[in-house]
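# A look at the structure
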Amino acid sequence: MAVIQDNLSVVLYRELEKRLAEAANKVLPSGNYSFSVRPCADTRFGDYQTSAVMSIAKELKTNPRKLATDIVSKLEVGEWCEKVEVAGGGFINFKLKPQAMAAVLNEAARGEHLFYNKADKPRTFIVDFSSPNVAKPMHVGHIRSTILGDCLARTFRLLGHRVVTDNHLGDWGTQFGKLILGWKKYLDKEALEKDPISEMERIYRFVNERCEQDAQVLDEARRELVKLQQGDSENLEIWRKMIELSRHEFDKIYSRLDVKSDYTLGESFYNPYLEAVVNDFITKGIARESDGAVVVFFDDDPYLKDKPAIIRKSDGGFNYVTTDLATIDYRVKTWNPDEIIYVTDGRQQLHFQQIFTAFRKWHPELNDKLNLVHIWFGSILGEDGKPFKTRSGDTIKLSDLLDEAEERAFKVVSEKNAQLPEEYRRNIARLVGIGSVKYADLLPNRQADYVFSWDKMLALNGNTAPYLQYAYARIRSIFRKGGIDEGYQENKTIDLTVQEEIAVVRHLLNFGLSIEAVANEYRPNLMCNYLYELAGLFTRFYEACPVLKAGEPQRSTRLAICELTARVLKQGLEMLGIQTLEQM
Ligand code: ARG
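As the structure is a computational prediction, the values presented were derived from the model and not from experiment.

Further remarks concern helix α19 (residues 511–521). Given 3.6 residues per helical turn, the α-helix brings residues three or four places apart onto the same face. Most of α19 sits inside the fold, with nine of its eleven residues counted as buried. Of all the positions in α19, only Phe511, Gly512, Leu513, Ser514, Ile515, Glu516, Ala517, Val518 and Ala519 are classed as buried. Those residues of α19 hidden inside the fold are in contact with α1 (12–27), β1 (38–39), α5 (140–158), α18 (499–508), α20 (525–544) and α21 (554–575). Phi turns positive, to about 55°, at tyrosine 522, one or two residues after α19.

Shown next, in the form of structure tokens:
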């Protein structure tokens, strides 16, 4: 086997990018060009490819093929590549040496890396996610926010960024007038004990209906609200109790989903700041009075021109916009973030455009520093293509959904593994059931509506969590069968010769690219597809290549491929918030 220099990097495409820049510097000494090298879509052309020369040539008004050829003539990548070719209108294609791939695989097997680098410059991200409303059940829309937000937070953390997650609980607003009135007059204590959120929802609906019929009731509710706003101790106590009960229920769901937030600063946390925010907007001339309200106009914004935002209503009350402006301000002062991302459904797009634009007017000095991003998602539909509801037409509660996921997964698992003890099967079912729901949520393009289908998400064959969880467990079983405790043993020769081996390793080398793509585009589906492809390549490899029965160096090589595929599957799933099992 050829001797490989040990100056290999964790990710070869980064190395190729550096060398390309060096070569370009020799050909074009006046410029400073950067290159992006990506996997070839069609591996017949090579393993990696760059199209950067074409845009540079365009800029310099020169022949792209000639420029590519000149750069390649100065390029020194012989230790990694067996072929570098100029193709088409100026693409450069790279074919890697199997030894170079083997060397990276070997480093990974020794635990030096897992095919990705931490970010050069760690940034601070705030992820505003989940954010259900007090006294209301979490619905399937909140599940998407929770699952997506958690996954993005995990991804940024994996890349070494600093992440603050904040659950912006809806714990303030006019609904509390009706809720408090209902609590005082119509509360069923026993029902509250049994299912607090349903009972609070019931009293709210009851009072709400009565308000529609009877102006006197509406007036009563208003008075309760005013008392709460003025700090009446009885009303405050009821309000606090409602928050406490709701949070307790939400926490049960978070614990089932294995989701944690660093902070849960609800909307009410910002009440003391709202007055000052509005005054500052007025003083700075960004907001003005209009029909008794205080309003931010966006005259210079083509999209928001006719969509002004009210920050103080004519009755003196503040609203969702005001709270969110105070929230950004608080977060900037407290954590000095580079980026704040909000994960909610698509219907809130206008709201976030308004607050982002208003905030930029308010703090122009932060415009270049602070990135505000709304990560929105589509709806979950039932199999009939209509909004996902229960048979009786009610919104589906998250806790019921998770119960059903576990129950259905239990059936699937029991069919496959009737011999395992029930307790063991229950545990598998829990991780498979929750994993399936999460994966089904992360797999579609997040801006598309998707159809919720139990059969699809629990299928053992298909792009699903159970398929990937099984793929992982199956690899672990190879090691158990071989009596190999610690997976791959270090310092064995790795020699890649068979196409199916190379195909898996080539894909492993791109794990980091997928992590970065998820972070840069806020799209977890890119990781789902990466892992699904990995599992498929692994299956083909495993069908073509005996592992335990092979002679050396094949056996060690293949065990390393098994081990690293398992580690990448585990890490990738963990980034999606999905747990793996050693045995299924
Ligand atoms: N509570 C809101 C809802 O359920 C979501 C809050 C999103 N976060 C924010 N900072 N506005 O729709």
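Resuming the write-up.
So, on to the packing of aromatic side chains. Taken as a whole and judged by the stated rule, the model has 24 aromatic pairs. With 6.1 Å between their ring centres and 55° between their planes, tyrosine 273 and tyrosine 330 make a pair best called tilted. Pair noted here: tyrosine 273 is in helix α11 (residues 271–283) and tyrosine 330 is in helix α12 (residues 320–335), with a separation of 57 residues, a long-range link. Residue class for tyrosine 273 comes out partly exposed when judged on its relative accessible area of 37%. Looking at lysine 416, its charged tip hangs above the ring of tyrosine 470, at a distance of 4.8 Å from the centre. The ring centre of phenylalanine 410 lies 3.6 Å from the NZ or CZ of arginine 426, which sits over that ring.

Moving on, we get to the pattern of salt bridges. On inspection of all chains with the given rule, the structure shows 43 salt bridges. In this structure, arginine 44 and aspartate 42 form a salt bridge, with 2.5 Å as the shortest nitrogen-oxygen distance. Owing to a relative accessible area of 72%, arginine 44 belongs among the exposed residues under this scheme. Judged by relative accessible area, aspartate 42 falls into the partly exposed class, the value being 24%. Taken together, the salt bridges that share partners define one network made up of Arg14, Glu17, Arg38 and Glu516.

Contact pair α18 / α21: the axes reach a minimum separation of 11 Å and the direction vectors enclose 35°. The hand of the α18/α21 crossing is left-handed. Each of Glu501, Val504, Val505 and Leu508 in α18 lies in contact with α21, whose residues at this interface are Gln554, Thr557, Arg558, Ile561, Leu564, Thr565 and Val568. Here the contact of α18 with α21 is composed, by residue class, of six nonpolar, three polar and two charged.

Below, the discussion takes up the sheet that holds strand β11 (residues 371–377). Taken together, four strands build an open sheet; the order of strands is β6-β5-β10-β11 and the sheet is parallel. Taken across any chain shown, the strands that pair with only one partner, and hence form the sheet edges, are β6 (162–166) and β11. Put simply, the sheet's adjacent strands are angled 20° from each other on average, direction ignored. Both strand β10 (residues 339–345) and β11 contribute to a ladder of seven bridges, which runs parallel. Residue pairing for β11: aspartate 345 is matched across the bridge by phenylalanine 377. Packed on one face of the sheet, helix α13 (residues 349–362) meets β10 and β11 and runs near 180° to β11.

This part covers the site of the ligand. Taken together, Asp128, Ser131, Asn133, His142, His168, Tyr320, Asp324, Tyr342, Thr344, Gln348 and Phe352 make up the full set of residues adjacent to the ligand. With respect to the ligand, the side chain of aspartate 128 contributes an N or O atom lying 2.9 Å from a nitrogen atom. Notes on the ligand: free accessible area 350 Å², of which the protein chains cover 88%. Those elements that place two or more of their residues in the shell around the ligand are α12 and β10. Across the shell around the ligand, the residue classes break down as three nonpolar, six polar and two charged.

Conventions and cut-offs
Residues numbered from 1 in each chain as written. Predicted model: local features only at pLDDT ≥ 70, side-chain atom pairs only at ≥ 80, totals over all residues. Heavy atoms only, no water. Buried < 20%, exposed > 50% of the residue type's maximum accessible area, 1.4 Å probe, protein only. Helix = DSSP H or I, 4+ residues; strand = E, 2+ residues; numbered from the N terminus. Contact = heavy atoms within 4.5 Å. Phe/Tyr/Trp six-rings, centres within 6.5 Å; stacked < 30°, edge-to-face > 60°. Lys NZ or Arg CZ within 6 Å of the ring centre and 35° of its normal. Salt bridge = Lys/Arg side-chain N within 4 Å of Asp/Glu carboxyl O. Axes fitted to C-alpha atoms, helices over the stretch in contact; angles between N-to-C directions. Left-handed = near helix turned anticlockwise from the far one by under 90°. Nonpolar A, V, L, I, M, F, W, Y, C, P; charged D, E, K, R; others polar. Pairing = 2+ DSSP bridges. Near = heavy atom within 4 Å. Polar contact = N/O pair within 3.5 Å; in protein donor to acceptor, adjacent residues only side chain to side chain. Areas by Shrake-Rupley, 256 points an atom, 1.4 Å probe, with all protein chains shown as cover.

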